[in-house]
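# Breakdown of the fold
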Amino acid sequence: MADNSKKHPANPSSCRHCGNPRSEHTYPRSGPMDCHGYEEPTERQILARMLARRAART
Ligand SMILES: [Zn+2]
């Protein structure tokens, strides 16, 4: 699992596997996210990311 939380918290709706936005999961599989397809995050992941974004702003 990629750790990009140091740069900026993931968008709440980003991929559940890697935290990158859906637009980076390109087809045919030629981009950097070629090991899996975009999947919506779980409610728990969305909540955690929203909290992380809020914490990062303060
Ligand atoms: Zn992904």
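One structure accompanies this document, and this report is about it.

Calculation rules
- Residues numbered from 1 in each chain as written.
- Predicted model: local features only at pLDDT ≥ 70, side-chain atom pairs only at ≥ 80, totals over all residues.
- Heavy atoms only, no water.
- Donors = N, O, S within 2.8 Å, 3.2 Å for Na, K, Ca; no water.
- Tetrahedral: all angles 85-135°; square planar, octahedral: opposite > 155°, others 65-115°.
- Helix = DSSP H or I, 4+ residues; strand = E, 2+ residues; numbered from the N terminus.
- Buried < 20%, exposed > 50% of the residue type's maximum accessible area, 1.4 Å probe, protein only.
- Polar contact = N/O pair within 3.5 Å; in protein donor to acceptor, adjacent residues only side chain to side chain.
- Contact = heavy atoms within 4.5 Å.

## Considering the coordination of the zinc ion
Every protein donor of the zinc ion is accounted for by Cys15 (SG), Cys18 (SG), His25 (NE2) and His36 (NE2), and the metal-donor separations fall at 2.0 to 2.4 Å. The coordination sphere of the zinc ion comprises four donor atoms, whose angles at the metal cover 101 to 115°; the geometry is tetrahedral. Coordination of the zinc ion draws on donor residues from a single chain, spaced C-x2-C-x6-H-x10-H in sequence. On the criterion of sequence distance, the pair formed by cysteine 15 in the segment before helix H1 (43-57) and histidine 36 in the segment before H1 is long-range, its members being 21 residues apart. A relative accessible area of 16% places histidine 36 in the buried class.

## Regarding the environment of threonine 42
Examined against the element boundaries, threonine 42 turns out to sit in the segment before H1. Once the C-alpha coordinates of threonine 42 and serine 13 are considered, the two residues, 29 residues apart in sequence, prove to be 9.1 Å apart.

## Some points on the side chain of serine 14
Here serine 14 is to be found in the segment before H1. Residue serine 14 is classed as buried on the basis of its relative accessible area of 3%. Of the polar contacts made by the side chain of serine 14, one reaches the backbone oxygen of glycine 19; its length is 3.4 Å. Beyond its immediate chain neighbours, meaning those up to four positions away, serine 14 contacts Gly19, Asn20, Pro21, Tyr38, Glu39, Pro41 and Arg49.

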